[in-house]
Amino acid sequence: MTPLTGRAGGDFAAQASWWLAVVLLALLIAWPIGWLVLMSFEDGQGGFTLANYIRAASAQRYWDAAVNSLILSTSVGVLSVLVATPLAWAIARTNMPGRRFIQVMALASLITPGFLTAVAWILLAGPNAGLLNQLFRSVTGLEGPLFNILSMQGMIFVTLLECFPFAFIIISSALQNISAELEDAANISGASTARTMWVITLPLVRPAILAGFVLAFLEALVLFSSPAIIGVPARTYVLTTQIWALFQFPPQLGVASALSLPLLLVTMALLFVQRRLLGRRGYVTVTGKASAARVIDLGWGRWPMFVFCLLVVIASAGLTYVVLFSYAASKVWGQLPIGANFTFENFRLVLFDLDSAQKGLKNSLILALGAATVAVVLGGILAYVSERRLLRGAWAVGFLAMAPMVIPGIVFAVGLFSAYTRPPLILYGTLWILFVAYLTKFLPLAYMNSATAIKSVSPDLEEAARISGAGGLTTFGRITVPLVKQGLLSGWFLVFIYSLRELSSSILLFTNNTVVASVAVYDLYETGAWPQLSALGFILLLINTVVVAVGYVVLGKSFVGERP
Amino acid sequence: MASVTLTDLTKEFPGAKPVTDVSLDIRDGELIALLGPSGCGKTTTLRMIAGFIPPTRGEIRVGDRVVSGKDGVVPPEHRRMSMIFQSYAVWPHMTVFDNVAFGLKMRKLSASDVKQRVDRMLDIVHLKTLAARYPAELSGGQQQRVALARALANEPETLLLDEPLSNLDANLREEMRFEIRRLHDEFGITSIYVTHDQAEAMVTADRVVVMNAGRIEQVGSPEDIYDRPATRFVASFIGMNNLLDCRLASGKAIIADTPLAVEGATQTNTNGSLVLAIRPHEIELYSQTARPSDTTNILPGTVTRQSFLGDARDYLVDLINGQTVRVSARPAMRASVGESVWLRLPPASCKLLE
Amino acid sequence: MFKVKMLGAVAATLLWTGAAVAQATVELEPGFSVDKELLAKAQKEGKVSYWCSLTEPECAQAAKRFEEFSKIKVEFVRLSTGGILTRITKERSANIHSVDIISHGDPPVWETIYKPKKWLVQYVAEGVKTYAKEYKDPEGFYAAHWMIANGFGYNTSQVSAADAPKKYTDLLDPRWKGKIAMPHPKHSGGFNEAVTILSKMFGWEFFQKLNANQPLVTIGSQFNLKPIIVNGERQVALHGADALFLTEAKQGKPVGIIYPEEGTVINQIFAGLVADGPSPNAGKVLMEWLHSASYQTTVAASYWLVPHPDAKYPADRVPLKDLKILTLPGTEAQSATEAREKFSDIFGG
């Protein structure tokens, strides 16, 4: 009798690999978060206390901040979906002109750091000196500003510009997967095009719309850039800016942890609800083999649609590029950067004189390459384990992998600092700690992309390989990976782009030799050097653009959320 | 080649028991069909045999090897089986040649051996000229042939087929049934064929296993199943749609107070409810004026619906006790709705079931 | 033969001793000398780690110059006060000692955190001995090595010098409604000093009335007020770092600075030698230089104030001695903390 070998889930090598990935995940995530939890219960002398939570809960201004955070996140979540859905629909299903252009620009908004967008919008729509408001005044002769960016509405607006691309990606990939037959069926039953969209198309992508809302909501909840740069001047304080203030004198890191951990619970709850809702509906129609979608003729309506889409992407990406360049290249702001008003000085300064910019660009590129590659490998394996239920309790993998997304960066950095400055892993002072930080923070991006891609691959294809004699690992490598290559690659690009702009963890973890580009940018902001900030920001944007362009060429249409 | 033996195979999930105590002996070289409606447990059984699902209880043996038992389960890649999937599961990123060669490469055959065997397999399934194509460039039938070639190239001990033809159109499906049977006869591999289509099971299988609600209802040759269904479920599933309530009195089935002779109905021990099963096309229909000469087993009734199907006329006839009988009659036999008719149920066609 | 050798040895010994006596210190750059032995030990350490809150180009320039004459590598990290504080707190709790000298403002941090936690060692550089007592810790743990003088930075194309506010109370005039910018004490330690001082001078009614003029509140240090004023988003900065405005003005930007009649709030930027640093001797050499007139003259060239009486200021800069100084001792930590909360009660945050 032939002895039994291995378990049904896979052979020994495969099982070992899956476990290894899960253990790595647990260490990566649980280790720093564990330290955070610990810190929130610490009294500063190493003793246990609830004082941090009591202090957090008893101060009225934290409640006010929580309410503001909720207003901001909810508004941004809802508006993101309201902006992203027509945008995605127009690109995926209609004959609107310039669809390709709008799509590329929407991707550009994804890669534009919100920090730079916020600075650009202050320059554009500051109540007094904002260019748009000056223009408005000189044209109308009125006193008041057209739009005061330094307000709750302004903060929501700029945060929206940073967050809606998340919803856009998810909704557009869902729209592309809907079988046209479902729409045809509605048309033939006598429904008009508009009605079909309303009663068939929209309900079919409702899970994606919901997912888009959740993502945008969460992103807005933990965002620091716009709330700091626009929210503080608007005197609208949210949790992240309050947490940031706790890092000043007198430092209250315990209270900061105590304020952030509830955010983690909110997120867990939201992700859970989302999963329940999506699970019940099922993805069946959405992942079915898509026949070529029918293009909907918008008639004269395609022009207003085009203008709407154009305004969105100009506000979120185009203007940032133009404003930063003009601000960096003008001697006098407000006049065109041409002729006598043009200066290259700020670019020269940051490129050749600013030591941290040069070092930082180099380190950032190394880190982004490393983090993106490892995140995709790990995220891919974890998504595979989770989607295919290869291990008992595989459902927990998804939650764990998504957790870093929602801890405010600065607080997470403290957890990371605590985790990697003591045995067994002393990484502080090396690039490794930044690498681990980026890997942990952006694993969710790689995980999400991989999971979506793996979901769309029929398990039959893998089982066919197993029964043909391939082990679990061989099947993963020879069948699954080639089939989800596009999803993995778009995950790679996302992690790369996000690593290049990561600030909140880097600022606590960098040392002299490991300074990164985003820290250099922030430093320029903090010392009031906006022209140089604009110059370096613009250079960073250019690098991002080149990377995305390469990605676009390599991946073709399937880049970031689009199916081939 | 090997026999496959299932002993008390059971699968339980929280809140569901898709397969219960399935025991089955599949002889070496036999082609057996697992037939049943969707959700009957046939696919779960097949996937346990393949090793994709670990059974909750029971044992699976291939030849004298236990591949799944209380000591653990052998992973699919070590079971020396091949499988054909409903979705073909042809790998879209590999050419036809590479698809077929995959298993051989996994077995570390030399490149020349691989080439030789793949070429032969492609020849057998008439795909030789398409070796360099990708699956997306093939028709559904051709993809199915690739799947077949891939499964057979590996020289498996056991071939598993999971609804292999249900994605094909009707004409192709008929052709492929014979193709599968032809290949089975040529290679003689022990095969387990899952289907919900009784015609497919009848044409291809040596023996048919009818399953329902996770249990085996009947195992037998196609003739056995067709002519001698063991249970009401089997009877109705294989087309004996008329199940008429009756009771037994002195060897006769009593329906609407009329005693009907039923072949083989000798046992009188049953007190429980009985049904008389008969196929619609075996019932003879006569107009009221043309009462049949053979007056055994005739029942009066009233036509409530009729429809013309080209090669037959389909009638629903209400008996006087209110039971409805479906009759498939010759096209020439015309009776209009509301007309009184005679039905004759030939004793040889009647089957009594508990 | 033996005699000759003997003589040679004696001569060598004599020569060595003489050199040691004559060159107990070595001049590293004009006007800056350090103990030769200290320098030798420092050079053996080879490098010094320095965290500072000066702007990066200034940090980099200073580091480069120090490296050139001392042959000791400077590993500097530019960080804000909050950044340095969080970092050293976390480093100490993890028992990591990576820094030799820290430098930033916010006196209460030095007085109520660093000193009691014994994170600093006492070290009084030669230059510190020349400072006025306001600019150094009497116990010798830390001393200022540059300072920020804060006044009303204003946009000269929007406000004429004559119309510009002259004293703090001028800012309460409704004509400045919607025209003032200031930092937030929760984000700027420097401004927190000003808030503490002003609230003591005028009472909290000052800020309540100021709130009626709807000042713009920025995040980060007072440095961030500069672009707001340069761009004309607001006309007057309440706590503008004069050096930044003077530099911009020199480059032709439409800005100017006014020192309030009530006095100028000075933010002292201290430097302290960290206990158990990796290179204590190199740290001392750098410390000597940071407190030297020659270094501080360079800092003053960027219009910053410096405590060394011998440092030279540019001609277009009011020197320290001519300013009416308002400064907050580190011992006022408690009132500084209360002021921060009180401010938040009025302005939010």
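See the structure shown above.
Predicted model, so just to flag it, every value in this text is computed and none were measured.

Rules behind the numbers
Each chain carries its own residue numbering, running from 1 in the written order of its sequence. Chains and ligands are labelled sequentially in the order written, the chains with letters from A and the ligands with numbers from 1. Only residues with pLDDT of at least 70 are given local features in this predicted model, and only at 80 or more are side-chain atom pairs given and counted; all residues enter the totals for whole chains, interfaces and linings. Processing note: side-chain calculations cover all non-hydrogen atoms of the structure and skip hydrogens and water entirely. Strands are runs of DSSP state E lasting at least 2 residues, helices are runs of H or I lasting at least 4, and numbering of each runs from the N terminus. The atom set for the radius of gyration is the C-alpha atoms, and the globule formula is 2.2 Å times the number of residues raised to the power 0.38. For every residue, the accessible area obtained with a 1.4 Å probe (protein chains only) is divided by the maximum for its type, and the residue is called buried under 20%, exposed over 50%, and partly exposed between those limits. By the convention used here, residues are in contact when the closest approach between their heavy atoms is within 4.5 Å. Note on areas: Shrake-Rupley with a 1.4 Å probe; residue coverage comes only from the protein chains shown. Think of it this way: Lys and Arg go in the positive column, Asp and Glu in the negative one, and His and the chain ends go nowhere. For the purpose of locating charges, the reference atoms are NZ of Lys, CZ of Arg, CG of Asp and CD of Glu. In this scheme, a helix's expected span is set at 1.5 Å multiplied by one less than its residue total. In short, buried area is how much 1.4 Å probe accessible area vanishes from two parts on joining, totalled over both. For this document, the term salt bridge refers to a Lys or Arg side-chain nitrogen within 4 Å of an Asp or Glu carboxyl oxygen. Here the aromatic set is Phe, Tyr and Trp, taking the six-membered ring for Trp, and pairing holds for ring centres within 6.5 Å; pairs whose planes are under 30 degrees apart are stacked, those over 60 apart are edge-to-face, and all others are tilted. Working rule: Lys NZ or Arg CZ, within 6 Å of ring centre, within 35 degrees of ring normal, means a charge sits over the ring. Pairing between strands is defined by DSSP: at least two bridges between the two strands are required. To obtain an axis, a line is fitted to C-alpha atoms, over the contacting stretch when the element is a helix, and the angle between two such axes runs from 0 to 180 degrees between their N-to-C directions. The method works on a 1 Å grid over the protein atoms by themselves. A cavity is a set of points holding a 1.4 Å probe that cannot get out, a pocket is an open set with protein on both sides within 12 Å along at least five of seven lines, and residues with an atom within 4 Å of a point line them. Grid points are joined across faces, edges and corners, and a volume is the space filled by probe spheres set on the points. Here the nonpolar group is Ala, Val, Leu, Ile, Met, Phe, Trp, Tyr, Cys and Pro; Asp, Glu, Lys and Arg are the charged ones; every other residue, Gly included, is treated as polar. What fixes the domain bounds is an automatic or database domain assignment. Throughout, disulfides are identified as pairs of cysteine sulfur atoms within 2.5 Å of each other. Counting of polar contacts relies on pairs of N or O atoms within 3.5 Å, with two restrictions inside protein: one atom must be capable of donating a hydrogen and the other of accepting it, and residues adjacent in sequence are counted only when both atoms are side-chain atoms.

J.: Now, about the overall build of chain A: what can you tell me, with residues and values included?
T.: Scanning chain A from N- to C-terminus turns up 25 helices and 2 strands. A compact globule built from 564 residues would reach a C-alpha radius of gyration of about 24 Å, and chain A, at 24 Å, matches this within 12%. Principal-axis analysis of the C-alpha atoms gives chain A an extent of 90 × 70 × 50 Å. Put simply, chain A has 564 residues, and 61% of those count as buried. For chain A, contacts bridging at least 24 residues in sequence account for 78% of all contacts bridging at least 6. By element, 70% of the accessible surface of chain A is carried by carbon and sulfur atoms, the whole surface being about 21200 Å². Counting 33 positive and 22 negative side-chain charges, chain A places the averaged centre of each group 6 Å from the other.

J.: Tell me about helix α3 (residues 56-70) of chain C, residues and numbers included.
T.: Residue and element names in this part refer to chain C. Along its 15 residues, α3 runs 21 Å from first to last C-alpha, staying within 8% of the 21 Å computed at 1.5 Å per residue. If you check which residues of α3 are buried, you get E56, E58, C59, A60, A62, A63, F66, F69 and S70. Looking one or two places after α3, you find K71, whose phi comes out positive at around 60 degrees.

J.: Could you give me a rundown of the interface of chain B and chain A, with the residues and numbers involved?
T.: The interface of chain B with chain A comprises 34 residues on the first partner and 26 residues on the second. When chain B packs against chain A, close to 2500 Å² is buried across both sides, 65% of that on carbon and sulfur atoms. Summed over the shared surface of chain B and chain A, the number is 2 salt bridges. A salt bridge links E77(B) to R466(A); the nearest nitrogen and oxygen atoms lie 2.8 Å apart.

J.: Explain the packing of aromatic side chains to me, using residue names and the numbers behind them.
T.: Applying the stated criterion across every chain, the model contains 49 aromatic pairs over all chains. Consider the rings of F166(A) and Y498(A), whose centres lie 6.2 Å apart with planes at 55 degrees: the pair is tilted. Separated by 332 residues along the polypeptide, F166(A) in helix α7 (residues 152-177) and Y498(A) in helix α22 (residues 472-501) bring together distant segments of the chain. Among the residues examined, Y498(A) registers a relative accessible area of 7% and is labelled buried. Each ring, one from Y522(A) and one from Y525(A), has its centre 6.0 Å from the other, and the planes form 40 degrees; the classification is tilted. In this pair, Y522(A) and Y525(A) both sit in helix α24 (residues 517-526), 3 residues apart, roughly one turn of the helix. The exposure classification of Y522(A) matches that of Y525(A), with both residues buried. Taking the ring centre of W51(C) as reference, the NZ or CZ of R87(C) above it sits at 5.9 Å.

J.: Talk me through the sheet that holds strand β10 (residues 207-212) of chain B; I want residue IDs and the actual numbers.
T.: Sheet strands pair by backbone hydrogen bonding; their relative direction is either parallel or antiparallel. Residue and element names in this part refer to chain B. If you walk across this open sheet you meet the 6 strands as β7-β8-β9-β3-β10-β11, and the pairing is mixed. Where the open sheet ends on each side, the last strands, each with one partner, are β7 (81-84) and β11 (215-220). Taken over all neighbouring pairs, the strand axes of this sheet differ in orientation by 20 degrees on average, direction set aside. Where strand β8 (residues 158-162) meets strand β9 (residues 190-195), 5 bridges bridge the pair, whose relative direction is parallel. In the sheet register, T158 faces β9, and the bridge partner there is T190. Sheet strands touched by helix α4 (residues 140-153): β7 and β8. Its angle to β7, the strand with the most contacts, is close to 175 degrees.

J.: Please set out empty space enclosed by the protein residue by residue, giving values where relevant.
T.: Enumeration over the complete set of coordinates arrives at 12 cavities of 30 Å³ or more. Space inside the largest cavity adds up to approximately 710 Å³. Forming the boundary of the largest cavity are 32 residues, of which L223(A), K441(A), R501(A), L503(A) and S504(A) lie nearest the centre. In this structure, the second largest cavity is lined by 36 residues; those nearest its centre are Q248(A), E526(A), S80(C), T81(C) and G82(C). Broken down by secondary-structure element, the contributors of at least two residues to the lining of the second largest cavity are α23 (506-509) and α24 of chain A together with α4 (81-93), β7 (142-155), α6 (189-202) and β12 (264-274) of chain C. A breakdown of the residues in the lining of the second largest cavity according to their chemical character gives 14 nonpolar, 17 polar and 5 charged. If you count residues domain by domain, the lining of the second largest cavity takes at least three from each of domain 1 (33-147 + 267-321) and domain 2 (148-266 + 325-347) of chain C.

J.: Now, about the sheet that holds strand β16 (residues 284-287) of chain B: what can you tell me, with residues and values included?
T.: Residues and elements named next belong to chain B. An order of β16-β20-β17-β18-β19 is seen for the 5 strands of this open sheet, with the pairing classed as antiparallel. The strands lining the two open edges of the sheet, one partner per strand, are β16 and β19 (324-329). Pairs of neighbouring strands in the sheet enclose a mean axial angle of 45 degrees, with direction left out of account. Pairing geometry for strand β17 (residues 298-308) and strand β18 (residues 313-319), over 7 bridges, is antiparallel. Considered in β18, the bridge of F308 is made with R313.

J.: Explain the state of the cysteines residue by residue, including any values.
T.: One pass over the full model with this rule turns up 1 disulfide over all chains. The side chain of C52(C) participates in a disulfide bridge whose partner is C59(C); the two sulfur atoms lie 2.4 Å from each other. Classification of the bridge connecting C52(C) and C59(C) rests on its S-S torsion, roughly 140 degrees, and on that basis the disulfide is right-handed. In this structure C163(A) is a free cysteine whose sulfur lies 19 Å from that of C309(A), the closest cysteine sulfur available.

J.: Lay out the interface of chain A and chain C in plain terms, naming residues and giving numbers.
T.: At the interface, 52 residues of chain A touch 57 residues of chain C. Between chain A and chain C the total buried area reaches about 4500 Å² when both faces are included, carbon and sulfur atoms providing 54% of it. Its largest share of buried area at the contact with chain C, chain A owes to R61(A), R235(A) and F249(A), together 18% of the area lost on that side. The salt bridge partner of E526(A) is R78(C), with a shortest N-O separation of 2.7 Å. Along the contact surface separating chain A from chain C lie 14 residue pairs in polar contact (both at pLDDT 80 or more). Mapped onto the side of chain A that touches chain C, the elements with two or more residues apiece are α5 (114-125), α12 (239-245), α17 (355-387), α19 (409-419), β1 (421-422), α23 and α24 of chain A. For the side of chain A that touches chain C, the residue count by class is 30 nonpolar, 15 polar and 7 charged.

By themselves, these are just geometric observations and shouldn't be taken as functional.
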